[in-house]
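Coordinate inspection notes
This is what each chain is made of:
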Amino acid sequence: MSDSRDSAGQVGTSDKPGTRQPEKQRGIFQRDGRWWISWYCTEGHRHRQPIGSRKLAIQEHGARRKEVEKARRLGVIYCPDEEWKRKQAQQRQRVLFREIAQDFLDFAATHKRDRCDKFRMERLLSVFGENLVSGDHTGGRGTL
Ligand SMILES: [Zn+2]
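Residues numbered from 1 in each chain as written. Predicted model: local features only at pLDDT ≥ 70, side-chain atom pairs only at ≥ 80, totals over all residues.

1. Some points on the pairing of strand E3 (residues 46-52)
Looking down a regular strand, the side chains alternate between one sheet face and the other. Selection rule: For the exposure call, what matters is how many other C-beta atoms sit within 10 Å of a residue's own: 20 or more marks it buried, 12 or fewer exposed, and in between partly exposed, using C-beta atoms placed from the backbone. Segments assigned H or I by DSSP are reported as helices when at least four residues long, segments assigned E as strands when at least two residues long, and all are numbered from the N terminus. Only strands joined by at least two bridges in the DSSP assignment are considered to pair.
Across the seven residues that make up E3, only a small minority, zero, are buried. Between strand E2 (residues 34-40) and E3, which pair antiparallel one after the other, the connecting turn spans five residues, and Gly-44 there sits at a positive phi close to 85°.

Below, the structure is given as structure tokens:
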């Protein structure tokens, strides 16, 4: 049996800060009587946000960092700004898709159907079809 246990089950990290002043926590700061969090998203932006109490700010900051780490591991973007931008872009893409589809129909109406049609349609789908499909299946958001 390879049940390797430490002989003495103690880990030497019980270093209590007796008279030391409260440790300066990275990623949180105080402004206007409120505690804020400051964190970097996967895109490298610095996001700042008022939270309230110090305890809550520490919790929130930890949660954000976990999300960023998870997103990095999955190779996806975790950024409130980007999420908003992506929604805008998706909407624009749909409009663009419709325009190009209309253009295709015009083209098909004036030209006889031939292999060129197929080529254009395939190209259209490879550029936009995949994007529209994959945009609906970003399974990076598990919690909440
Ligand atoms: Zn960001």
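Back to the write-up after that little detour.
2. Some details on the pairing of E2
Only one face of E2 is covered, namely the one carrying Trp-35, Ile-37 and Trp-39; the face carrying Arg-34, Trp-36, Ser-38 and Tyr-40 has none of its residues buried. Bridge analysis of strand E1 (residues 28-31) against E2 gives four bridges, and the strand direction is antiparallel. Looking across to E2, one finds that Gln-30 is bridged to Trp-35. The hairpin formed by E1 and E2 contains two residues between the paired strands, and Asp-32 there has a positive phi angle of roughly 55°. Direction of pairing for E2 relative to E3: antiparallel, over a ladder of six bridges. Its bridge partner lying in E3, Tyr-40 is registered against Arg-46.

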